[in-house]
Amino acid sequence: MQRSAPRPSRSRTRTRLRMLACAAVPVMIVAAGCSSDSGSGSDSDSGKDKPAASASKEAAKVAPAKFTSLPADPCKSIAAKTTADLVPKAKDKSGSAGKSSDITTRGSCSWNGLDDNGVKGSQYRWLDISFMRYDSDEGIGSGQDRAAEYYKKEVAKARATEGAKGTKATPAAGVGTEATAVTYSLSKTGETFGYATVVARSENVVITLTYNGAGYAGAKSPAASDLVKGATKAAKEAVAAVPAAK
């Protein structure tokens, strides 16, 4: 007689089903965990990029320039009475303006003359002023910073004048944002000329004013203190003549 295979008991069947169910649970948890981590990382990365971009835009901004133009006529930036005192016998009392392709960025004017007193001696005087204005540019920097760099170069240029003797540089108080007066003597045409150059910066504008003179036919050349006094007075007037932005 053929015997049939023994059937598993109900208790053994239940045990196997429980083992299969337990084995499947870790797989589901790991899968769910990976999905959650992926989404969290994406949100975090996008959040980090935003502050960096914002900071970059803020860093690109520069302060606007205070002055947006220069005196329309640089020869009128110094009072007529002042130029008459500094250059008594000027060839052109109204001054001679320099050429400029953009009068809102640069301008200049000069006066010169000889006060001839015959055998008593003569006095020669020369006065020159120039303006340089800088705009603010996000790619280069603020107008004030750019002007500050040019100011330093102009002072260094005055101090390095070829052939100058007894060069001295001192602060010129009360002239613009910052100013320096450079004095020296220079021999030319057989005479000794005294020089005073005042370089002044007013925010984003730099003014360079040079005043010099010499005595002829036995007349004494002007003292350095008198040249500085006259140059400083004229520089103050020029600074005040720069129009503020409206």
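Structure's up top.
Residues numbered from 1 in each chain as written. Predicted model: local features only at pLDDT ≥ 70, side-chain atom pairs only at ≥ 80, totals over all residues. Heavy atoms only, no water.

Draft legend 1. Expanded view of helix H3 (residues 143-159). The end-to-end C-alpha separation of H3 is 24 Å, in line with the 24 Å expected for 17 residues at 1.5 Å each. Of all the positions in H3, only Gly143, Ala147, Ala148, Tyr151, Glu154, Val155 and Ala158 are classed as buried. For H3, the angular spread of buried residues about the axis comes to 130°, placing them on one side. Those residues of H3 that are exposed and angled more than 90 degrees off the buried face are Lys152, Lys153 and Lys157. Among the structural elements, strand S5 (178-188), strand S6 (191-202) and strand S7 (205-216) are those in contact with the buried residues of H3. (Helix = DSSP H or I, 4+ residues; strand = E, 2+ residues; numbered from the N terminus. Expected span 1.5 Å × (residues − 1). Buried < 20%, exposed > 50% of the residue type's maximum accessible area, 1.4 Å probe, protein only. Arc of directions from axis to C-beta. Contact = heavy atoms within 4.5 Å.)

Draft legend 2. Quick look at the pairing of S6. Extensive coverage of S6 is indicated by the burial of ten of its twelve residues. Sheet analysis places S5 next to S6, joined by eleven bridges and oriented antiparallel. Residue Tyr184 lies in a different strand from S6, and its bridge partner there is Tyr195. Counting the residues in the hairpin turn of S5 and S6 gives two residues, including Thr189, whose phi is positive at 50°. Looking at chain direction, S6 and S7 are connected through nine bridges and run antiparallel. Among the inter-strand pairings, Gly194 is bridged to a residue of S7, identified as Gly213. Between S6 and S7, which pair antiparallel one after the other, the connecting turn spans two residues, and Glu203 there sits at a positive phi close to 55°. (Pairing = 2+ DSSP bridges.)

Draft legend 3. Geometry of unusual backbone geometry. A positive phi is found at Glu203, a non-glycine position, where the angle reads about 55°. When you line up the elements, Glu203 lands in the loop between S6 and S7. The backbone of Ala217 shows a phi angle near 55°, a positive value even though the residue is not glycine. Among the secondary structure elements, Ala217 is positioned in the loop between S7 and helix H4 (224-241).

Draft legend 4. Representation of the environment of Gly107 in the model. With respect to the helices, strands and loops of the structure, Gly107 is situated in strand S2 (residues 106-116). Through-space distance from the C-alpha of Gly107 to that of Pro74 is 6.1 Å; in sequence the pair is 33 residues apart. Apart from residues lying up to four places away in sequence, Gly107 is in contact with Leu70, Pro74, Ile129, Ser130 and Phe131.

Draft legend 5. The arrangement of the nonpolar core in detail. Counting residues in hydrophobic clusters, the biggest one holds 30 residues, and the most contacted among them are Trp111, Leu127, Ile129, Phe131, Ile207 and Leu209. Elements that contribute at least two residues to this core include exactly S2, strand S3 (122-133), S5, S6, S7 and H4. It is H4 that provides the largest number of residues to this core, a total of six residues. When sequence neighbours within four positions are dropped, the list of residues in contact with Leu127 reads Ile78, Thr83, Leu86, Val87, Cys109, Ser110, Trp111, Leu209, Thr210 and Tyr211. (Core = buried A, V, L, I, M, F, W, Y, C linked by side-chain atoms within 4.5 Å.)

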